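Residue strings, one per chain:
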Amino acid sequence: MKKIEAIIRPAKLEDIKEALNKFNIHGLTISQVMGCGLQKGRKEFYRGTEITLNLLPKIRVEIVVRDNQLEDIIKLFCDEAKTGEVGDGKIFVYNVEDVIRIRTGERGESAI
């Protein structure tokens, strides 16, 4: 099993959720986060003074998938979250040792 953690633009969240539903992936965790990278923030003016805001709002999407679904889900994120501009985000992939569903005690892939 793999855990996919994707940092995306907030405007792309609904597109990602709809695409994941088509793959029958319903278990996900969403967090509002702040971050910076190559986008380097934006400049704003406050009372005539220029301020650089380098932490921009992003969304972190976390899901656990079976190994055989990994490449399809990565492609889904790349297709749905891409605008072609700096700041589209990143995808991180981690190994998952085990999953336990608390309610039933199921373990492994059946608990996803």
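Above this text sits the structure in question.
In this report, we go over the structure that sits alongside the text. For clarity, every value in this text was computed on a predicted model and none was experimentally measured.

Reading the values: rules and limits
Residue positions are given per chain, counted from 1 along the sequence in the order it is written. Owing to the predicted nature of the model, reporting of local features is limited to residues with pLDDT of at least 70; listing and counting of side-chain atom pairs is limited to 80 or more, with chain, interface and lining totals taken over all residues. With hydrogens and water excluded, all non-hydrogen atoms of the structure serve as input to the side-chain values. Each residue's exposure class comes from its accessible area (1.4 Å probe, protein chains only) as a fraction of the maximum for that residue type: buried when under 20%, exposed when over 50%, partly exposed otherwise. In this description a helix means any DSSP run of H or I spanning at least four residues, a strand means any run of E spanning at least two, and both kinds are numbered starting from the N terminus. Strand pairing is assigned whenever DSSP identifies at least 2 bridges connecting the two strands. To define a nonpolar core, start from buried Ala, Val, Leu, Ile, Met, Phe, Trp, Tyr and Cys residues and group those joined through side-chain atoms within 4.5 Å. Here, residues are in contact when the closest pair of their heavy atoms is within 4.5 Å.

## A short note on the pairing of strand β5 (residues 56–65)
Consideration 1: The buried count for β5 comes to 7 of 10 residues, which makes it a mostly enclosed element.
Consideration 2: Looking at chain direction, strand β1 (residues 2–8) and β5 are connected through 7 bridges and run antiparallel. Within β5, the residue paired with Ile-4 across the bridge is Ile-63.
Consideration 3: Pairing analysis gives 7 bridges linking strand β2 (residues 29–35) to β5, with the strands arranged antiparallel. Within β5, the residue paired with Gly-35 across the bridge is Leu-56.

## Some remarks on the nonpolar core
Consideration 1: Grouped together as the largest cluster of nonpolar side chains are 18 residues, with contacts concentrated most on Ile-8, Leu-20, Ile-63, Ile-73 and Phe-77.
Consideration 2: Mapped by element, the contributors of at least two residues to this core are β1, α1 (13–22), β5 and α2 (70–81).
Consideration 3: Among the elements that take part in this core, α2 stands out by supplying 6 residues, more than any other.
Consideration 4: In contact with Leu-20, other than residues within four places in its own chain, are Ile-25, Leu-28, Ile-63, Ile-73, Leu-76 and Phe-77.

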